[in-house]
Amino acid sequence: MTGLASSPDRGPAPRPGREPARQRVLRAARQALRVLAVELGTPTEPGTPLLGSVRSPWLRRLPYVVAFGFAVSLLPTSINVLGNDYGLEGGLVGALATAQTVPLLLAVTRPLQAWWVIFAADVVGAVALIGADGVAGRAWPWPPMEIVGYLALMLALSLRERRRTLTAVWLTTGVAGLLSQVFTPDGSNNTWVLMFVLTGVVLMMGATLRERGDAQRKLIEQETISEAERARRTLLEERARIARELHDVVAHHMSVITVQAASAPYRISGLPGEAEEEFGAIAATARESLAEMRRLLGVLRSEEAEQQGGPEKTPQPGIGMLPKLVEGTVRAGVPVELALPEEPVALEPAVDLSAYRIVQEALANVVRHAPGAPTRVSVTVAADGARLTVLIVNSAPSAPSAPLETTGTGHGLIGMRERVRLVDGSLDTGPLPDGGFRVAARLPLATPPSQASPLSTTKDAHSV
């Protein structure tokens with residue numbers, strides 16, 4: 001009779017696809033060492049001085065002065081302590097002291113590379129002190145002068161490197177101190193815990209200061225970008241508003257062309273057939289252009305006009321309506337004097353509208369920023385009849401009062417400049433010695449068609 005041989009108990013077989021715990025630990029350790037090596041071997045902005053981006057030249061020189069001060073003070077101290085107190089040999093003392101202090105000068109531009117040199121020198125120094133005669137009763141593995149120099153290096157390192165690199169440096173310092181416990185000389189005062197704690201504190205403080213500075217710089221950059229975008233948006237809004245106002249002027253001219261071309265065969269007798277066809281083509285083209293202008297107005301229409309269901313139908317104002325404007329400003333509490341030409345002046349619609357808007361915006365600024373200030377508005381024509389001068393001058397308010405607005409929207413002066421540029425004129429604005437303000441605009445009575453044509457200006461505003 002044969003029996004079945006019992007096989008020895010080998011335990012549960014490992015699941016397929018699942019690696020043993022030991023291999024997982026080893027793989028995680030290799031990965032951590034790889035990350036540690038990458039972080040400790042990849043400096044941030046090598047060669048760039050600390051505080052190199054600040055504007056003050058004294059602050060830019062400060063890291064060099066501090067590093068030089070630490071190096072000059074710690075070098076003789078290290079030589080004296082290592083030679084006289086710990087009893088190391090002269091040649092070794094000089095080499096260790098130099099390697100532990102002089103690289104502080106390198107820390108201004110390359111703090112991570114300086115850390116490699118100083119950390120290696122500190123480790124070699126700790127090993128050399130194991131058999132020294134004077135180590136009993138003294139600090140080990142990091143003497144006091146090494147701790148001071150290392151903390152200065154940590155400050156420079158924290159102002160440059162990212163958090164992962166700083167964490168790797170801190171952990172490496174702690175591991176080196178922990179391993180030194182195996183070789184602690186008898187009677188020595190162990191300082192690795194003190195070094196580990198102080199290093200972490202300095203690194204954390206420096207990193208916090210650096211990140212706060214970076215956040216402030218980014219905020220300033222964002223504010224600068226926002227201010228530029230706001231100014232650009234204000235300029236585009238003013239151009240669009242001016243283009244909307246000039247629509248009536250352009251529409252009037254196009255309507256005149258259409259009527260003249262369409263009625264020419266009836267007003268002029270004996271026109272040949274080709275001339276009648278030509279006038280008909282001109283009238284058709286003018287009607288198409290007028291329709292395109294109306295579509296353009298729809299694109300440039302303001303939100304207020306959209307809510308009202310259509311564009312503004314009020315005629316565009318001119319200098320003839322300045323008395324009414326001044327009267328309303330006086331009722332608002334601003335004493336205004338108005339001086340107009342004695343004889344009527346024939347102005348182009350664009351010039352007439354620009355002159356009125358400049359006075360309107362200047363008086364609005366007086367009401368907002370200098371309420372109650374005596375103001376004088378004068379409109380004069382040059383002796384040669386080529387220019388129209390619009391001058392608005394206000395003095396300081398007689399009774400001090402808080403302005404209605406302290407910042408303003410930024411549309412007033414921008415609108416004036418755009419209107420002056422529209423008709424190829426010039427604008428001069430600025431404060432006066434007595435605390436007042438002056439706005440002077442010079443507008444040509446006959447605007448060059450190639451530069452200030454309402455139609456071309458409207459197209460420019462549409463393209464913008």
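Before any of the text, the structure's been laid out above.
Please read all numbers here as calculations on a predicted model, not as lab measurements. Numbering of residues starts from 1 in every chain and runs along the sequence as written. Confidence filtering applies because this is a predicted model: local features only for residues at pLDDT of at least 70, side-chain atom pairs given and counted only at 80 or more, and all residues used for totals across whole chains, interfaces and linings. As a rule here, side-chain values cover all heavy atoms of the structure and leave hydrogens and water aside.

A. Focus on the layout of surface pockets. Size it by volume and the largest pocket reaches roughly 870 Å³. Around the largest pocket, the lining is made up of 29 residues, and of these Leu50, Leu51, Pro63, Leu159 and Arg160 lie nearest the centre. We count a stretch as a helix when DSSP gives it H or I for four or more residues in a row; a strand needs E for two or more, and each element gets its number in order from the N terminus. Of all the elements in the fold, those that place two or more residues in the lining of the largest pocket are helix 2 (57–85), helix 5 (144–158) and helix 7 (192–245). The leading source of residues in the lining of the largest pocket is helix 2, at six residues. Grouping the amino acids of the lining of the largest pocket by side-chain chemistry returns 19 nonpolar, five polar and five charged. A pocket here means an open set of points on a 1 Å grid, computed over the protein atoms alone, that has protein on both sides within 12 Å along at least five of seven lines. A cavity is instead a set of points where a 1.4 Å probe fits but cannot get out; residues with an atom within 4 Å of a point line either one. Grid points are joined across faces, edges and corners, and a volume is the space filled by probe spheres set on the points. The classification used treats Ala, Val, Leu, Ile, Met, Phe, Trp, Tyr, Cys and Pro as nonpolar, Asp, Glu, Lys and Arg as charged, and all other residues, Gly among them, as polar.

B. Spatial organisation of unusual backbone geometry. Cis geometry is adopted by the peptide bond preceding Pro141, which originates at Trp140 and carries an omega value of 5°. By the element assignment, Pro141 lies in the loop between strand 1 (139–140) and helix 5. Look at Asp424: it is not a glycine, yet its phi comes out positive at around 60°. Following the sequence through the fold, Asp424 ends up in the loop between helix 13 (411–422) and strand 6 (426–431).

C. Up close: the environment of Pro141. The exposure class of Pro141 is buried, given its relative accessible area of 0%. A sequence separation of 42 residues divides Pro141 from Phe183, and the C-alpha atoms of the two residues are 9.5 Å apart. In what follows, a contact means two residues having at least one pair of non-hydrogen atoms within 4.5 Å. Excluding anything up to four places from it in sequence, Pro141 contacts Ala126, Glu146, Ser180, Asn190, Thr191 and Trp192. Categorising residues by exposure relies on relative accessible area from a 1.4 Å probe, with only protein chains included: less than 20% of the type maximum marks a residue as buried, more than 50% marks it as exposed, and the intermediate range marks it as partly exposed.

D. Focus on the packing of helix 2 against helix 5. The N-to-C vectors of helix 2 and helix 5 enclose an angle of 155°; their axes lie 10 Å apart at closest approach. It follows that helix 2 is roughly antiparallel to helix 5 by the angle criterion. Two packed elements cross with a definite hand, and for helix 2 against helix 5 that hand is left-handed. Listed contacts from helix 5 to Phe70, Leu74, Thr77, Ser78, Val81 and Leu82 of helix 2 are Met145, Val148, Gly149 and Ala152. Class assignment of the residues belonging to the contact of helix 2 with helix 5 gives a composition of seven nonpolar, three polar and no charged. For helices, the axis comes from a line fit to the C-alpha atoms of the stretch in contact; other axes are also lines fit to C-alpha atoms, and the angle between any two N-to-C directions lies between 0 and 180 degrees. Angular relationships are summarised with four words: roughly parallel below 35 degrees, roughly antiparallel beyond 145, roughly perpendicular across 65 to 115, and oblique for the angles in between. With the far helix as reference, a near helix turned anticlockwise by less than a right angle produces a left-handed crossing, and one turned clockwise produces a right-handed crossing.

E. Geometry of the sheet that holds strand 5 (residues 387–394). Here we have five strands laid out as an open sheet, ordered 3-4-5-7-6, and mixed in their pairing. Every other strand in the sheet has two partners, leaving strand 3 (336–339) and strand 6 as the edge strands with one partner each. The average angle at which neighbouring strand axes cross in this sheet is 5°, direction not considered. When strand 5 meets strand 7 (residues 437–444), the two strands line up antiparallel, connected through eight bridges. Counterpart to Thr389 in the pairing with strand 7 is Arg442. Against the sheet, helix 11 (residues 322–331) engages strand 3 and strand 4 (375–381), with an angle of about 170° to strand 3. Strand pairing follows a simple DSSP-based rule, namely that at least 2 bridges must link the two strands.

F. Broad picture of the side chain of Glu146. As for its position among the elements, Glu146 is in helix 5. The charge count includes Lys and Arg as positive and Asp and Glu as negative, but it does not include His or the ends of the chains. Put simply, a salt bridge is a Lys or Arg side-chain nitrogen that is within 4 Å of an Asp or Glu carboxyl oxygen. At 13 Å, Arg138 is the nearest oppositely charged side chain to Glu146, a buried residue that forms no salt bridge. Apart from residues no more than four positions distant in its own chain, Glu146 is found in contact with Gln100, Asp122, Pro141 and Met195.

G. Looking closely at helix 11. Three or more residues of helix 11 are buried, namely Leu322, Leu325, Val326 and Thr329. One side of helix 11 holds all its buried residues, which, seen down the axis, span an arc of 95°. The outward face of helix 11, more than 90 degrees from its buried face, is lined by the exposed residues Lys324 and Arg331. Looking at the buried side of helix 11, the elements it contacts are strand 3, helix 12 (349–369) and strand 4. Arc definition: it is the arc formed by the directions from the helix axis to the C-beta atoms.

H. Structural context of empty space enclosed by the protein. The full count for this structure, using the stated rule, is two cavities of 30 Å³ or more. Considering only enclosed or pocket space, the largest cavity measures out at about 40 Å³ in volume. Residue lining of the largest cavity: Leu74, Ser78, Gln100, Thr101, Ile118, Asp122, Met145, Glu146, Gly149 and Tyr150, and that is the complete set. Those elements that provide at least two residues to the lining of the largest cavity are helix 2, helix 3 (90–101), helix 4 (111–130) and helix 5.

These values are about where atoms sit, not about what they do.
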